[in-house]
Amino acid sequence: MKLLTLNFLTCAIKTCKSSPSSFPLHPRDAELEIVEADLNLKFLENILPRLMWDELRVVVDELGLPTLPPTIPTRADLVAPSSPTSSSSSSDPAPSQTARDLHRILIETCVREGKLVCGNCGHEYAVKEGVANFLLPAHLV
Amino acid sequence: MSRPEDTLPPDLFYNDSESRKYTTSSRIQKIQSDMTHRALELLDLKSPSLILDVGCGSGLSGEILSASDEEGTPGGPHIWIGFDISSSMLGVALEKEVEGDLFLADAGQGVPFRAGTFDAAISISAIQWLCNAESSEESPAGRLSRFFNGLYASLRRGGRAVCQFYPKNDEQKKMISAAAVKAGFGAGLLEDDPGTKSAKTYLVLTVGGGELDGDITGVVKGMEGVDVLDQRRKVKDRRRPEDRKGSKAWIIKKKEQMERKGKVVKATSKYTGRKRRIAF
Ligand SMILES: C[S@@+](CC[C@H](N)C(=O)[O-])C[C@H]1O[C@@H](n2cnc3c(N)ncnc32)[C@H](O)[C@@H]1O
Ligand SMILES: [Zn+2]
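Source: prediction; values computed, not measured.

Chemist: What's the story with the packing of aromatic side chains in this structure? I'm lost.
Modeler: Within a pair of aromatic rings, the relevant descriptors are the distance that separates the centres and the angle that separates the planes. All chains considered together, the criterion is met by 12 aromatic pairs over all chains. Taking 6.0 Å as the distance between ring centres and 85° as the angle between the ring planes, the aromatic pair formed by tyrosine 14 of chain B and tyrosine 22 of chain B counts as edge-to-face. The exposure class of tyrosine 14 of chain B is buried, given its relative accessible area of 15%. Residue class for tyrosine 22 of chain B comes out buried when judged on its relative accessible area of 15%. An aromatic cluster of three or more residues is present, and its members are Tyr125 and Phe134 of chain A together with Phe83, Phe103, Phe113 and Phe118 of chain B.

Chemist: Please explain the site of ligand 1 as it appears in this structure.
Modeler: Residue and element names in this part refer to chain B. In the region of ligand 1, 21 residues are neighbours, and Tyr22, Gln32, Gly55, Asp84 and Asp106 sit closest. Between ligand 1 and the protein, one listed contact pairs a nitrogen atom with a backbone N or O atom of alanine 107 at 2.9 Å. In isolation ligand 1 has 590 Å² of accessible area, and contact with the protein removes 97% of it. Classifying every residue of the shell around ligand 1 gives 13 nonpolar, 5 polar and 3 charged.

Chemist: Is there a simple way to explain the coordination of the zinc ion (ligand 2) in this structure?
Modeler: Tetrahedral coordination by four donors places them ideally at 109.5 degrees to one another around the metal; octahedral coordination by six donors ideally gives 90 or 180 degrees. Residue and element names in this part refer to chain A. Each protein donor to the zinc ion (ligand 2) is listed here as Cys11 (SG), Cys16 (SG), Cys118 (SG) and Cys121 (SG); together their distances run 2.3 to 2.4 Å. Coordination at the zinc ion (ligand 2) is tetrahedral: its 4 donor atoms span angles of 103 to 116° at the metal. Coordination of the zinc ion (ligand 2) draws on donor residues from a single chain, spaced C-x4-C-x101-C-x2-C in sequence.

Chemist: Would you take a moment to explain the sheet that holds strand β6 (residues 186-192) of chain B for this structure?
Modeler: Strands in a sheet are paired, the pairing made by backbone hydrogen bonds, and the direction either parallel or antiparallel. In space, the 11 strands of this open sheet follow the order β1(A)-β2(A)-β3(A)-β4(A)-β3(B)-β2(B)-β1(B)-β4(B)-β5(B)-β7(B)-β6(B), with mixed pairing throughout. Of all strands in the sheet, those bounded by a partner on one side alone are β1 (26-34) of chain A together with β6 of chain B. Averaged over all pairs of adjacent strands, the angle between strand axes in this sheet comes to 20°, irrespective of strand direction.

Chemist: What exactly am I supposed to notice about the packing of helix α2 (residues 16-24) of chain B against helix α3 (residues 26-43) of chain B here?
Modeler: The description of two helices packed together rests on the angle between their axes and the distance between the axes. Residue and element names in this part refer to chain B. Contact geometry of α2 with α3 gives a least axis separation of 5 Å together with a crossing angle of 70°. Taken together, α2 and α3 sit at an angle that is classed as roughly perpendicular. Seen from α2, the contacting residues are Tyr22, Thr23 and Thr24; seen from α3, they are Ser26, Ile28, Gln29 and Gln32.

Chemist: Honestly, the interface of chain A and chain B in this entry has me stumped. Any pointers?
Modeler: It is common to give the size of an interface as the accessible area lost on bringing the parts into contact. Taken together, the 29 residues of chain A in the interface contact 29 residues of chain B. The contact between chain A and chain B buries some 2500 Å² in all, and 61% of this surface belongs to carbon and sulfur atoms. Joining chain A to chain B, the criterion identifies 2 salt bridges. The partner of aspartate 101 of chain B in a salt bridge is lysine 2 of chain A, with the nearest N and O atoms 3.5 Å apart. One can count 16 residue pairs in polar contact (both at pLDDT 80 or more) joining chain A with chain B.

Chemist: What is the right way to read the side chain of serine 96 of chain A from this model?
Modeler: The residue serine 96 of chain A is located in the loop between α3 (53-62) and α4 (97-108) in this model. Excluding its chain neighbours within four sequence positions, the residues that come into contact with serine 96 of chain A are Asp77, Leu78, Val79 and Ala80 of chain A.

Chemist: Is there a simple way to explain the pairing of strand β3 (residues 124-128) of chain A in this structure?
Modeler: Note on strand geometry: in a regular strand, side chains alternate between the two faces of the sheet. Residues and elements named next belong to chain A. Across the two faces of β3 the burial differs, with Tyr125 and Val127 buried and Glu124, Ala126 and Lys128 not buried at all. Between strand β2 (residues 109-117) and β3, which pair antiparallel one after the other, the connecting turn spans 6 residues, and glycine 122 there sits at a positive phi close to 80°. As defined by bridge partners, β3 adjoins strand β4 (residues 131-133) across 2 bridges and the pair is classed as antiparallel. Across the sheet, the residue bridging to valine 127 is alanine 132, located in β4. Hairpin geometry of β3 and β4 is characterised by an intervening segment of 2 residues between the two adjacent antiparallel strands and by a positive phi of about 50° at glutamate 129.

Chemist: Where do I start with the state of the cysteines in this structure?
Modeler: Structurally, a disulfide amounts to a covalent bond that connects the sulfur atoms of two cysteines. Applying the stated rule across the entire model yields 0 disulfides over all chains. No disulfide involves cysteine 56 of chain B; its nearest neighbouring cysteine sulfur is the one of cysteine 163 of chain B, lying 14 Å away.

Chemist: I tried to follow the pairing of strand β4 (residues 118-124) of chain B on my own but got confused; where do I start?
Modeler: Residues and elements named next belong to chain B. Counting buried positions over the 7 residues of β4 gives 7, a clear majority of the element. Pairing of strand β1 (residues 50-54) with β4, which is carried by 3 bridges, proceeds in the parallel orientation. Bridging from a neighbouring strand, isoleucine 51 pairs with alanine 120 of β4. Across 6 bridges, β4 lies against strand β5 (residues 155-165) in parallel orientation. Each bridged residue has a counterpart across the sheet, and for alanine 120 the counterpart in β5 is arginine 160.

Calculation rules
Residues numbered from 1 in each chain as written. Chains lettered and ligands numbered in written order. Predicted model: local features only at pLDDT ≥ 70, side-chain atom pairs only at ≥ 80, totals over all residues. Heavy atoms only, no water. Phe/Tyr/Trp six-rings, centres within 6.5 Å; stacked < 30°, edge-to-face > 60°. Buried < 20%, exposed > 50% of the residue type's maximum accessible area, 1.4 Å probe, protein only. Near = heavy atom within 4 Å. Polar contact = N/O pair within 3.5 Å; in protein donor to acceptor, adjacent residues only side chain to side chain. Areas by Shrake-Rupley, 256 points an atom, 1.4 Å probe, with all protein chains shown as cover. Nonpolar A, V, L, I, M, F, W, Y, C, P; charged D, E, K, R; others polar. Donors = N, O, S within 2.8 Å, 3.2 Å for Na, K, Ca; no water. Tetrahedral: all angles 85-135°; square planar, octahedral: opposite > 155°, others 65-115°. Pairing = 2+ DSSP bridges. Helix = DSSP H or I, 4+ residues; strand = E, 2+ residues; numbered from the N terminus. Axes fitted to C-alpha atoms, helices over the stretch in contact; angles between N-to-C directions. Parallel < 35°, antiparallel > 145°, perpendicular 65-115°, else oblique. Contact = heavy atoms within 4.5 Å. Buried area = accessible area lost by both parts, 1.4 Å probe. Salt bridge = Lys/Arg side-chain N within 4 Å of Asp/Glu carboxyl O. Disulfide = S-S within 2.5 Å.

Note that all results are geometric; they support no functional claim without further evidence.
Next up, the structure:
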């Protein structure tokens, strides 16, 4: 499961819906893996305003990964400054180092095994082979 | 032939052998692929988006979502997240190393994402299963409502969802559509090859607001919307022609009344008040 997904998943339990502490879910005993993927600059530009940056930083810290900068990059930060020598001005803009870092964190860094824990109710969602189990027993729905 | 939905709950029906049989059948691959392309056409995505796939199964649609625009996926490649109630289906998806994230969940329990997560959602041949709830403690209506409420909240303003499904009968088609409308969606039904053995039903849903045109009739011509028009008719009408029941002026007036009552009504467009083929 990509860290991107973790930035959007919430606890599924009804009584947690209104509680701010049900997001983000906190990884526990997590085993990470890097799954390489093509960088999709247009997607990063699209998703950037929807990220919850502070919560992403929390999760990244909890996973023991290098701390993210305190403020979220801007869309402009994702595009490498075009070199004046480049003749192909019509071609698609190139990703900046910031975009590559973001791609690494959001898209390529995945939780393979472990648990996701709700900060409100303490419910643990197991993750196996990257697949989280969100099936709830009927009384919690 | 009996409907699988009437035989077993989905997680038991889609066991290891059925999931494999399903995914490796070239006939099924072709049908699911065609329907996914049709749904993408209706979603009308212009650039790489975050998409939810409800009842994603073994990822037959997901593989198309991950393809690029040049490969025939409008606006692609997209990033998708899929969930399914069958761990066997998800197991086949894992074997295929699909690019989307997968999780095990029951659509009838809701959609566990924060508000405004997705640009779009797709669901192919899955949501009719929500109408079979005999094994659970809840009613189909309760499960449909939880699903559509969750889906509505998880989509961003101006977002769209397209759910192709196999209604058992007209009643089921109405029950599903009504649940979507009740959750707040602008909704329309589209039928391809109606009346034939290969008839396909698509529920097209829009979330108002945002930069997208939330009007379903802007998506497809010949599609019926969901403004609840008064079905009683043939009352001798002495009013001015433009106020006659069913006329465009009448519909607009009715919509304003409904809106004042807090009901969700579809935006008025050039199709408002025109005869259309499909109704629910
Ligand atoms: C005909 S298959 C379609 C799979 C995939 N969408 C495709 O087009 O290939 C129906 C899928 O819906 C899933 N399903 C049925 N009920 C569900 C539910 N309540 N929540 C999530 N998935 C469900 C089944 O497990 C199955 O994988
Ligand atoms: Zn919780």
